[in-house]
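# Summary of structural features
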Amino acid sequence: MARQSLLDPAARRANGTASGPLNFLLVGSDQRPNASDSDARSDTIVIVHVPDGLRQAYLISVPRDLYVAIPPTATYPGGDDKINSAFEHGGGGQGGTRLLSATLSQLTGIRFDGAALIDFSGFEKVIDLVDGVRMCVDEPVRSIHTGTVFPVGCQQMDGARALDYARQRYGLPGGDFDRQRHQQQLLRAIMDRVAGADLLTSPLKFDRLIRAIGSAFTVDSNGAPIEDLVFGLRHLTAGSLVGVQLPSHAKDIDGISYVLLDPTADVLFRAVREAGMAHWVRDNPSWINRL
């Protein structure tokens, strides 16, 4: 598992705690094979909030087209743009994740305890090593990448098929909002399969899984040993994940499609900062995704 400094100093929490609450940033890149870091954009952006006690996790998906103010860097003057452009303006990879974290922290007031940059090809290997995941398709969709048609119904998917499905947004009623929900569902399905796999009886399979997980992630643990972090989160289960859609709406500006925050988004950000997510979820059921 590669380790890099993925968080901008302005986005990093200086004094974390082992018991929570913890905030992590997950970034999935859409970088294609043989492409450079600077050609990539952040295909997936998720804020993971783990309250005190570390027994629940809220997955807050950030729309890739969210209109934000991106801070300046040594090579970028800063400006208003889609949030996934922050990854590109930062040069992709480590620099892109740092600029993305600074943009999010400036927007939300949230400081992060760690970050992970996800390589989807490595994720595909993880799914295949646990013999695939079960995904429930609620709207038929055709992949714009492979032409695969995903019919309605629950079905077992291998790594390539699951990732192909979770990255689709065209042809879905909710567009990118449906894609965010499907990605949250995939994270839950992977967690469920990893927990349920009988890995202790197959040391070889367990070793391959650990290697695949390591190859899929570049991690910034904010100075904490990875082993301690994994041990601290040992009580998290697939059933403890709560999917949250960021309160927002799509809007065309000068012929370009953006996503703008709704007023209640500020209440959500405050709930994350002030350990009030349970109350926010109770009061805002329409923004909770069924996983």
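Residues numbered from 1 in each chain as written. Predicted model: local features only at pLDDT ≥ 70, side-chain atom pairs only at ≥ 80, totals over all residues. Heavy atoms only, no water.

A few words now on the sheet that holds strand β3 (residues 42-50). On the basis of which strands lie adjacent, the open sheet formed by eight strands has the order β1-β12-β7-β2-β3-β4-β13-β16 and mixed pairing. Two strands bound the open sheet, and with one partner strand each, they are β1 (2-3) and β16 (288-289). Pairing analysis gives four bridges linking strand β7 (residues 114-118) to strand β12 (residues 217-220), with the strands arranged antiparallel. When the sheet's bridge partners are listed, Leu117 is paired in β12 with Thr218. (Pairing = 2+ DSSP bridges. Helix = DSSP H or I, 4+ residues; strand = E, 2+ residues; numbered from the N terminus.)

Let us look at the layout of surface pockets. If you add up the space inside the largest pocket, you get close to 1400 Å³. In terms of lining residues, the largest pocket is bounded by 38 residues, among which Met191, Ile213, Phe217, Val230 and Leu233 are the most central. Looking at the lining of the largest pocket element by element, the count peaks at six residues for helix α6 (residues 203-216). A class-by-class count of the residues in the lining of the largest pocket yields 32 nonpolar, two polar and four charged. (1 Å grid on protein atoms, 1.4 Å probe; cavity = no way out; pocket = protein on both sides within 12 Å on 5 of 7 lines; lining within 4 Å. Points joined across faces, edges and corners; volume = space filled by probe spheres on them. Nonpolar A, V, L, I, M, F, W, Y, C, P; charged D, E, K, R; others polar.)

On to the state of the cysteines, then. Considering all chains together, one arrives at one disulfide under this definition. Sulfur-sulfur distance for the disulfide between Cys136 and Cys154 comes to 1.9 Å. In this structure the cystine formed by Cys136 and Cys154 twists about its S-S bond by roughly 100°; its chirality is therefore right-handed. One end of the pair, Cys136, is in strand β8 (residues 133-137); the other, Cys154, is in strand β11 (residues 153-157), and 18 residues separate them in sequence. According to the relative accessible area criterion, Cys154 is partly exposed, its value standing at 39%. (Disulfide = S-S within 2.5 Å. Buried < 20%, exposed > 50% of the residue type's maximum accessible area, 1.4 Å probe, protein only.)

Right, let's get into the pairing of strand β14 (residues 248-253). Inspection of the sheet shows β14 paired to strand β15 (residues 256-261) by six bridges, in the antiparallel sense. By the bridge assignment, Ser248 is partnered in β15 with Leu261.

Looking at the element boundaries, Gln168 is found in the loop between α4 (159-166) and α5 (176-196). The buried category is assigned to Gln168, whose relative accessible area is 1%. Separated by 3.2 Å, the side chains of Gln168 and Ser143 make a polar contact. Reaching out from Gln168, the side chain makes a polar contact with the backbone oxygen of Asp164 at a distance of 2.8 Å. (Polar contact = N/O pair within 3.5 Å; in protein donor to acceptor, adjacent residues only side chain to side chain.)

For the rest of this paragraph, the subject is the pattern of salt bridges. Where charged atoms from two side chains of opposite charge approach closely, those side chains can pair. One pass over the full model with this rule turns up 13 salt bridges. Residue Asp43 pairs with Arg167 through a salt bridge whose shortest N-O separation is 3.2 Å. Of the two residues, Asp43 is situated in strand β3 and Arg167 in the loop between α4 and α5; the sequence distance between them amounts to 124 residues. Note that Arg179 is salt-bridged to Asp176, the shortest N-O span being 2.5 Å. Placement of the pair is Arg179 and Asp176 together in helix α5, with a separation of three residues, close to one helical turn. Among the ionic contacts, a cluster of salt bridges with common partners joins Asp43, Arg64, Arg167, Asp176 and Arg179. (Salt bridge = Lys/Arg side-chain N within 4 Å of Asp/Glu carboxyl O.)

So, about the pairing of β3. Counting buried residues along β3, nine of its nine residues qualify, which places the element largely inside the surrounding structure. Bridge count for β3 against strand β4 (residues 57-61) is four bridges, and the pairing is antiparallel. Pairing of Val46 across the sheet is with Ser61, part of β4. Taking the residues between adjacent antiparallel strands as the criterion, β3 and β4 are bridged by six residues, where Gly53 takes a positive phi near 100°.

What follows deals with unusual backbone geometry. One non-glycine residue, Leu54, adopts positive backbone phi at about 60°. The residue Leu54 is located in the loop between β3 and β4 in this model. The buried category is assigned to Leu54, whose relative accessible area is 4%. Look at Asp131: it is not a glycine, yet its phi comes out positive at around 65°.

The subject of this paragraph is the packing of helix α3 (residues 120-129) against α5. Between two packed helices, the angle of one axis relative to the other and the distance separating the axes together describe the packing. Contact geometry of α3 with α5 gives a least axis separation of 10 Å together with a crossing angle of 45°. By the angle class used here, α3 and α5 are oblique. Handedness of the α3/α5 crossing: left-handed. Here Phe123, Val126 and Ile127 of α3 come into contact with α5, specifically with Leu186, Leu187 and Ile190. Its residues placed into classes, the contact of α3 with α5 shows six nonpolar, no polar and no charged. (Axes fitted to C-alpha atoms, helices over the stretch in contact; angles between N-to-C directions. Parallel < 35°, antiparallel > 145°, perpendicular 65-115°, else oblique. Left-handed = near helix turned anticlockwise from the far one by under 90°. Contact = heavy atoms within 4.5 Å.)

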